Amino acid sequence: MTLLEHAVEMFNDYMAKTWDMLTTGLTDFMDGQVWAVMAAINSGLTAGGLALLVVFTFMGILKSTVSLTELKRPEAAVRVIARFIFAKALITYGSAFMLYIFEIIQSAVLQIRRYAGGFREASVPDEIAEALEEPSAIFDPIISILMGVSGLLAWMVIVIVSVVILVTVYGRFFRLYMYTAISPLLLSTLGGEPSQSIGIGFLKNYAAVCLEGVVITIACVIYIAIAKDPNVTVHEGDWGPLLMVLEYVLNFVLYAFILLFAVKGADRIAREMMGQ
């Protein structure tokens, strides 16, 4: 197996892991062990979140009411109580609430995958495989060296792209766990009107991280569509095999970089969609 064929095979392996990771539930990763730890942390921070809720609610009352007589009005009292009950419910059932948001958006990822099908593995065309084993590439020192250099560069670039894409997807998953773990502390800010923007921003940021999965999935689907039929032009002459390999490597690396930039930009795109 040549370096180029090994690079393409490794790319397929990493992309298959990325594709599977995008459709993995928070409670399914590592047989639910990570989720159990995050849920335990969330539960442990609930008491602190409720204490902060009282503080933020009291601060909200002080800043939003001119006098205690204003608080005696039924509509003002009902608004404060309703806000407190709503925030308390979110804090108490924080992990379930965060999981519910994730599952709603995750259903879109599953729908996209169902209509798009599985990830289509890339393969080295027969013409390229034959060119890599062309006798002239073995007996001509210059062509042989250039073939080896192009294969090595392609291997390095493809491996780096594959690793960065997979790490980005894993990083998104870990951020979802972190948001879930500390949610009681941030959701407590919903108890007071002056501080509610913090809690609303927290929920919007969490939804944006969930939405990243949809953006990355669509980017993978677009990649599958544009890269499914690599253009291979057969060149004649002693340099023909080398030119054909270089052209294939350039196209493959170009599409891989397009996918990389789309995946890395998923965070920004998701936040723009959320109006942030």
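Check the entry above for the structure.
So, here is what we can say about the structure in this document. (Residues numbered from 1 in each chain as written. Predicted model: local features only at pLDDT ≥ 70, side-chain atom pairs only at ≥ 80, totals over all residues. Heavy atoms only, no water.)

The helix and strand tally for the chain stands at eleven helices and zero strands. Secondary structure elements of the chain occur, N-terminal to C-terminal, as α-α-α-α-α-α-α-α-α-α-α. The 276 residues of the chain split such that 41% are buried. Long-range contacts, defined here as pairs at least 24 residues apart, represent 85% of the contacts in the chain between residues at least 6 apart. (Helix = DSSP H or I, 4+ residues; strand = E, 2+ residues; numbered from the N terminus. Buried < 20%, exposed > 50% of the residue type's maximum accessible area, 1.4 Å probe, protein only. Contact = heavy atoms within 4.5 Å.)

You will see that Met 30, though not glycine, has its phi angle at about 55°, which is positive. With respect to the helices and strands, the residue Met 30 is situated in the loop between α1 (3-22) and α2 (33-64). The backbone phi angle of Asp 31 is positive, close to 55°, even though this residue is not glycine. Relative to the assigned elements, Asp 31 resides in the loop between α1 and α2. The class for Asp 31 is exposed, based on a relative accessible area of 73%.

At a closest axis distance of 8 Å, the pairing of helix α9 (residues 196-227) and helix α11 (residues 266-273) adopts a crossing angle of 120°. Considering their axes alone, α9 and α11 lie oblique with respect to each other. Between α9 and α11 lies a crossing whose hand is right-handed. Each of Asn 205, Ala 208, Leu 211, Glu 212, Val 215 and Ile 216 in α9 lies in contact with α11, whose residues at this interface are Ala 266, Asp 267, Ile 269, Ala 270, Arg 271 and Met 273. A class-by-class count of the residues in the contact of α9 with α11 yields eight nonpolar, one polar and three charged. (Axes fitted to C-alpha atoms, helices over the stretch in contact; angles between N-to-C directions. Parallel < 35°, antiparallel > 145°, perpendicular 65-115°, else oblique. Left-handed = near helix turned anticlockwise from the far one by under 90°. Nonpolar A, V, L, I, M, F, W, Y, C, P; charged D, E, K, R; others polar.)

So, about the pattern of salt bridges. Applying the stated criterion to the full structure yields five salt bridges. Asp 267 serves as the salt-bridge partner of Arg 271, at 3.0 Å between the closest nitrogen and oxygen. One end of the pair, Arg 271, and the other, Asp 267, are both in helix α11, four residues apart, so they sit about a helical turn from each other. Assessed through its relative accessible area of 22%, Arg 271 is described here as partly exposed. Glu 272 is the partner of Arg 268 in a salt bridge, and the nearest nitrogen-oxygen pair spans 3.1 Å. Of this pair, Arg 268 and Glu 272 both sit in helix α11, four residues apart, which is roughly one turn of the helix. (Salt bridge = Lys/Arg side-chain N within 4 Å of Asp/Glu carboxyl O.)

As a further point, take the environment of Ala 96. Tracing the chain through its elements places Ala 96 in helix α5 (residues 94-116). Separated by 84 residues in sequence, Ala 96 and Thr 180 place their C-alpha atoms 9.1 Å apart.

For Ala 154, the position within the fold is in helix α8 (residues 141-187). Between the C-alpha atom of Ala 154 and that of Ala 7, which follows or precedes it by 147 residues, the distance is 7.3 Å.

Relative to the assigned elements, Phe 84 resides in helix α4 (residues 74-92). Considering only alpha carbons, one finds Phe 84 and Phe 56, 28 residues apart in sequence, at a separation of 9.6 Å. Sequence-distant contacts of Phe 84, defined by excluding residues within four places in its chain, comprise Leu 53, Val 54 and Thr 57.

For soluble globular proteins, the rule of thumb is that nonpolar side chains tend to be buried together. The biggest cluster of nonpolar side chains holds 59 residues, and the ones touching the most others in it are Phe 11, Leu 26, Phe 102, Phe 173, Leu 176, Tyr 206 and Leu 259. When residues of this core are traced back to their parent elements, those giving at least two are α1, α2, α4, α5, α8, α9, α10 (240-264) and α11. Top contributing element to this core by residue count: α9, with 14 residues. Look past the residues within four positions of Leu 176 in its chain and what remains in contact with it is Leu 26, Phe 102, Tyr 206, Val 209 and Cys 210. (Core = buried A, V, L, I, M, F, W, Y, C linked by side-chain atoms within 4.5 Å.)

Interpretation note: all reported values are geometric properties and have no functional meaning in isolation.
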